[in-house]
Amino acid sequence: MPLVNMKPLLRHAMDNHYAVAAFNLVDYSSTKAMVKAAEELNAPVICQTSSKTIKYFSHKEIVSWVRTVAEDSPVPVVLHLDHCHDFDMIEECAKSGWTSIMIDASEFPFEENLARSKKVRDIAERYGVGMEAELGQIMGVEDDMVVDEADSVLTDPEDAKRFCDALDLSAFACAVGTAHGFYKGEPVVDFERIAAINALTRTPMALHGGTGLSDETFAMAIARGAAKINISTNLKHVFVQSFVDYHTANPKDYEPLRVLDAQYQAIKTMFHGFIEKFGGTGQGAKFLQSQREMA
Ligand code: 13P
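For the structure given in this document, a descriptive report is provided here. (Residues numbered from 1 in each chain as written. Predicted model: local features only at pLDDT ≥ 70, side-chain atom pairs only at ≥ 80, totals over all residues. Heavy atoms only, no water.)

A word on the pairing of strand β5 (residues 130–135). Counting buried positions along β5 gives six out of six residues, so the element sits mostly inside the fold. Burial along β5 is two-sided: the face carrying Gly130, Glu132 and Glu134 and the face carrying Met131, Ala133 and Leu135 are both buried. Across four bridges, the pairing between strand β4 (residues 100–103) and β5 is parallel. Bridge pairing in β5 links Ile101 to Met131. The parallel pair β4 and β5 is bridged by helix α6 (residues 110–127), and the resulting crossover is right-handed. Pairing of β5 with strand β8 (residues 171–174), which is carried by four bridges, proceeds in the parallel orientation. Within the sheet, the bridge partner assigned to Glu134 lies in β8 and is Ala173. (Buried < 20%, exposed > 50% of the residue type's maximum accessible area, 1.4 Å probe, protein only. Helix = DSSP H or I, 4+ residues; strand = E, 2+ residues; numbered from the N terminus. Pairing = 2+ DSSP bridges. Right-handed = clockwise from strand over helix to strand, strands pointing away.)

Here is the structure:
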């Protein structure tokens with residue numbers, strides 16, 4: 001089916017207490033694995049791209065991969081742009097076929113962040129796509145953005161309300177104690193803050209830094225309003241490690257398709273695990289039915 005807009009999908013997720021898995025694709029095979037995993041579980045899925053990945057390939061290549069696998073699939077698939085501060089890149093994505101875009105102006109003071117995010121809201125409205133914006137600073141490294149622990153700022157619920165009221169977001173990214181990359185110690189997630197932010201904003205929350213969080217943390221965050229959970233680092237590691245493992249176990253096998261298949265299967269299994277943990281199983285058909293009833 002054609003790619004879907006992120007906004008109604010995440011509303012459905014928030015209202016029905018599950019989260020849509022958002023995986024940062026790295027190539028065609030990982031894109032196909034995420035959509036196939038979603039299909040096998042009848043779940044919606046978000047294929048998201050970092051700016052770095054778009055620069056390495058191109059808008060045209062990425063949109064063609066995602067459309068190709070989504071068109072042959074009965075489950076709802078979103079193509080989303082992850083953290084981006086470049087307005088040209090954001091507009092090019094909206095124009096090229098992404099169905100959701102993210103502005104990350106979180107390094108700026110509140111008013112400047114809001115002004116930049118409003119500019120992107122206008123782009124999202126012009127192209128009819130979903131939108132995510134961030135307030136507070138999430139720890140860790142994502143693409144070319146580095147936030148040290150000392151510089152990270154947790155999101156204030158009252159500020160979150162002002163921000164969300166002004167933007168009508170599909171997803172709200174906020175800092176609640178999670179971090180991009182592997183956790184150095186035990187993550188301290190502020191569940192009270194998640195609940196307070198959601199009570200005031202009533203906006204589906206995007207939980208960043210999903211790699212390394214426990215099943216219990218996922219469940220508690222989802223129960224408090226997390227409707228999109230981002231996974232990137234875990235995919236990067238399984239992507240490389242599965243390749244290495246296959247070669248270590250089969251040092252004489254130089255048939256690329258067998259190596260690629262081993263990698264594909266390992267990645268798909270990992271995606272399955274996250275989709276199930278986030279409660280996405282069976283929600284693909286339910287979301288589509290809810291859209292038909294609303295039409
Ligand atoms: P991880 O790399 O920790 O999984 O976080 C991904 C993310 O939040 C992308 O925006």
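The next subject is the pattern of salt bridges. On inspection of all chains with the given rule, the structure shows twelve salt bridges. The partner of Glu132 in a salt bridge is Lys228, with the nearest N and O atoms 2.8 Å apart. One end of the pair, Glu132, is in strand β5; the other, Lys228, is in strand β11 (residues 226–231), and 96 residues separate them in sequence. For Lys228, a relative accessible area of 0% gives the class buried. (Salt bridge = Lys/Arg side-chain N within 4 Å of Asp/Glu carboxyl O.)

With that settled, consider helix α10 (residues 233–249). Counted at 1.5 Å a residue, the expected span for α10 with its 17 residues is 24 Å, and the 24 Å between its end C-alpha atoms agrees. Listed as buried for α10 are Thr233, Leu235, Val238, Ser242 and Tyr246. Taken down its axis, α10 places every buried residue within 165° of arc, on the same side. In this fold, the buried residues of α10 make contact with β1 (20–24), α2 (28–41), β11 and α11 (256–277). (Expected span 1.5 Å × (residues − 1). Arc of directions from axis to C-beta. Contact = heavy atoms within 4.5 Å.)

The next point concerns the state of the cysteines. One pass over the full model with this rule turns up zero disulfides. For Cys93, which is in no disulfide, the shortest distance to another cysteine sulfur is to Cys84 and amounts to 6.6 Å. Assessed through its relative accessible area of 0%, Cys93 is described here as buried. (Disulfide = S-S within 2.5 Å.)

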